[in-house]
Amino acid sequence: MSEENNVGSNLIWAIAMIIIVAIIAGAFYYGGFLGGAAKKEIDVDVKVPAAANR
């Protein structure tokens, strides 16, 4: 009986570890560490309005 409980507990821990590792790998992938998100350049042109004549 004790061995059956131990096998079930080990299975639950194994599944939990797989899920945790998948979450961490997904965070690294979407964070750009593993090449998931390509960086994009944005061209911004800022113009200052002309001063009003008084």
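Residues numbered from 1 in each chain as written. Predicted model: local features only at pLDDT ≥ 70, side-chain atom pairs only at ≥ 80, totals over all residues. Heavy atoms only, no water.

Draft legend 1. How the structure looks around the overall build of the protein chain. Check the secondary structure of the protein chain and you find one helix and zero strands. For the protein chain, the proportion of its 54 residues judged to be buried stands at 0%. With an accessible surface of roughly 5,700 Å², the protein chain has 64% of that area assigned to carbon and sulfur atoms. (Helix = DSSP H or I, 4+ residues; strand = E, 2+ residues; numbered from the N terminus. Buried < 20%, exposed > 50% of the residue type's maximum accessible area, 1.4 Å probe, protein only. Areas by Shrake-Rupley, 256 points an atom, 1.4 Å probe, with all protein chains shown as cover.)

Draft legend 2. Local environment of a nonpolar patch on the surface. A cluster of nonpolar side chains, Met17, Ile20, Ile24, Phe28 and Phe33, forms an exposed patch at the surface whose accessible area comes to about 540 Å². The residue Met17 is located in helix H1 (residues 2-31) in this model. (Patch = residues over 30% accessible without salt bridge, like charges linked within 9 Å, V, L, I, M, F, W, Y side chains within 5 Å. Salt bridge = Lys/Arg side-chain N within 4 Å of Asp/Glu carboxyl O.)

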